[in-house]
Amino acid sequence: MNGHAGDRERTFAALPPAQGRGFALTWWGRAWLRALEDAALDTAQVKAGRGLARAGAVGAVSVRPGRITAVVLDRDRTTHRADVLLGELSAEQWDRFLDMAVERAGHVAALLDREMSPHLVEDAASEGIELLPGLGDLEPECDCGAWDHCGHTAALCYQVARLLDQDPFVLLLMRGRAEDALLEALQARSAAPEPEVAAPQGLTAAEAYAAGEILPPLPAPPELPEEPGLPPSLDTEAPPGPGVDPVAVRHLAARTAVEARRLLAEALRPPSESPAPVVELTTAQDAVRLAVAVPDQALAERLAVGSGRDPRALADATRAWELGGAEALSVLEEEWEPSGGTLARARAALDSAWDEDERPSLRADGNRWSAVDAPAQVRLGRDGRWWPYRKERDRWTLAGPSALDPATALASARLSSAEPQR
């Protein structure tokens, strides 16, 4: 996400494909979608928009008072600017809302926790203030020329439902007030003079230490750099020693910097998240890791030979590595037969991934399910995740990152298969 919460406009980076069938997990996110689904005259367009949003076809979303905007990539690879308008609250309505919120401090506390209390919405409605959109409140505008909600504006609404799940202040910005301005106004209404506290006199060092106030707080952990560091330059007047390839050494240093950044990211992972498993790479796998962004054709050929692959197979392997590391590489090159509980879970995931009228026809072969009507395929990894594949000429290539469910993976594969083949 770019910009500050106090700005009159916030821009959210494009979200990855939606996992699973639902787009809104919170009650207010579902209320937002009901305003779309109940008012749209063409349910087929709503369904098309849901499919586009699920496949990750909605670009960065701009949110500002009264309007949300995004560029949506259609299935025919054309792009459309989609806007959805929502009426702003008047200055008088905002004054009533702020007075009501100050009287009920729990409403503000919930918002700060990125939650929207049902009581907040009810209390606001009792003051004549409708926070959530109702029937017909989401007004579409799209350069495709549709006069009602089209697939592009519907896709934008589904994507915004995911943003609202994360931050209800997005809805308040659409209604006309940014987060910082809203909190400042609340603070101004509720501010009270704080009593002066006299500084303690005559404390000894032992007493201050015993009070626990002498030790400074721990410093914040370092920030993860956006890009790996640059290795030192090898450009010197001295010639390389016997058997030393400067291009290979420079590339090895660059890949080491990438690995160092990955290890730092693991160290900074929140304690609540499970650490990534430690994988001991084989020589063939490590050759693929080193072949990513290789700058020299001769070096690429050496790595291909060292990994036991031809150049085309190495290119497919490096693409897989970039998208998912060793696990993605295993899914690319290893075909296996799910059985027992693994097979039962896979079948259950396939059965529940689509609505009955949307279920595609798939042909199973081991851990791979191919679409009958398109050059698209999903593969089940040993970690239980699903990987999208598309067919290019005579081989299957990885089309994107993995997903938790087969519907998301297949949607990514179908969208990718519409691109011009390399």
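My aim in this report is to walk through the structure given alongside it, one point at a time. Everything numeric in this text was worked out from a predicted model, so none of it was measured.

### As for the nonpolar core
So, point 1. Core analysis: the biggest nonpolar cluster contains 63 residues, and Trp 32, Phe 97 and Met 174 have the highest contact counts within it.
So, point 2. Sorting elements by how many residues they give to this core places helix α6 (residues 151-166) first, with 9 residues.
So, point 3. Apart from the residues within four sequence positions on either side, Trp 32 is in contact with Ile 68, Leu 86, Pro 133, Leu 138, Cys 157, Val 160, Ala 161, Leu 164 and Met 174.
So, point 4. The next biggest cluster of nonpolar side chains, apart from the first, holds 21 residues, and it includes Val 288, Leu 314, Ala 328 and Trp 387.

### With respect to the pattern of salt bridges
So, point 1. If you walk through the whole model with that rule in mind, you get 16 salt bridges.
So, point 2. Its salt-bridge partner being Arg 50, residue Glu 358 comes within 3.1 Å of it at the nearest N-O pair. With Glu 358 in the loop between α14 (340-352) and β6 (362-365) and Arg 50 in helix α2 (residues 43-54), this residue pair connects regions lying 308 residues apart in the sequence.
So, point 3. With a relative accessible area of 17%, Arg 50 lands in the buried category.
So, point 4. Its salt-bridge partner being Arg 390, residue Glu 392 comes within 2.7 Å of it at the nearest N-O pair. The burial state of Glu 392 is the same as that of Arg 390; both residues are buried.

### Concerning helix α5 (residues 118-126)
So, point 1. Restricting attention to buried positions, one finds in α5 the residues Leu 120, Val 121, Asp 123 and Ala 124. An end-on view of α5 places all buried positions within 165° of arc, on one side of the element. Facing away from the buried side of α5 by more than 90 degrees, the exposed set consists of His 119 and Ser 126.
So, point 2. Of the residues flanking the start of α5, the one acting as N-cap is Ser 117, its side-chain oxygen 3.0 Å from the backbone nitrogen of His 119.
So, point 3. With its phi angle positive at about 80°, Gly 128 sits one or two positions after the end of α5.

### Concerning unusual backbone geometry
So, point 1. In this structure, Arg 114 is a non-glycine residue whose phi angle is positive, near 60°.
So, point 2. Here Arg 114 lies in the loop between α4 (105-112) and α5.
So, point 3. Looking at Arg 114, the relative accessible area reads 26%, which means it is partly exposed.
So, point 4. Even without being a glycine, Arg 393 presents a positive backbone phi close to 55°.

### Brief notes about the layout of surface pockets
So, point 1. Estimates place the volume of the second largest pocket at around 310 Å³.
So, point 2. Surrounding the second largest pocket, 13 residues form its lining, Gly 51, Arg 54, Arg 75, Trp 354 and Glu 358 being those nearest its centre.
So, point 3. Sorting the residues of the lining of the second largest pocket by element identifies α2 and α15 (406-417) as the ones contributing at least two each.
So, point 4. With 5 residues, α2 is the single largest residue contributor to the lining of the second largest pocket.
So, point 5. Looking at the lining of the second largest pocket residue by residue, the classes come out as 6 nonpolar, 1 polar and 6 charged.

### Details of the sheet that holds β6
So, point 1. Reading across the sheet, the 5 strands line up as β6-β7-β8-β9-β10 and stay open at both edges, with antiparallel pairing between neighbours. Looking at strand neighbours, the two that pair on one side only are β6 and β10 (395-398), the edges of this open sheet. The sheet shows a mean angle of 30° between the axes of neighbouring strands, direction not considered.
So, point 2. As defined by bridge partners, strand β7 (residues 368-371) adjoins strand β8 (residues 376-380) across 3 bridges and the pair is classed as antiparallel. Among the inter-strand pairings, Arg 368 is bridged to a residue of β8, identified as Arg 379.

What counts and how
- Residues numbered from 1 in each chain as written.
- Predicted model: local features only at pLDDT ≥ 70, side-chain atom pairs only at ≥ 80, totals over all residues.
- Heavy atoms only, no water.
- Core = buried A, V, L, I, M, F, W, Y, C linked by side-chain atoms within 4.5 Å.
- Buried < 20%, exposed > 50% of the residue type's maximum accessible area, 1.4 Å probe, protein only.
- Helix = DSSP H or I, 4+ residues; strand = E, 2+ residues; numbered from the N terminus.
- Contact = heavy atoms within 4.5 Å.
- Salt bridge = Lys/Arg side-chain N within 4 Å of Asp/Glu carboxyl O.
- Arc of directions from axis to C-beta.
- Polar contact = N/O pair within 3.5 Å; in protein donor to acceptor, adjacent residues only side chain to side chain.
- 1 Å grid on protein atoms, 1.4 Å probe; cavity = no way out; pocket = protein on both sides within 12 Å on 5 of 7 lines; lining within 4 Å.
- Points joined across faces, edges and corners; volume = space filled by probe spheres on them.
- Nonpolar A, V, L, I, M, F, W, Y, C, P; charged D, E, K, R; others polar.
- Pairing = 2+ DSSP bridges.
- Axes fitted to C-alpha atoms, helices over the stretch in contact; angles between N-to-C directions.

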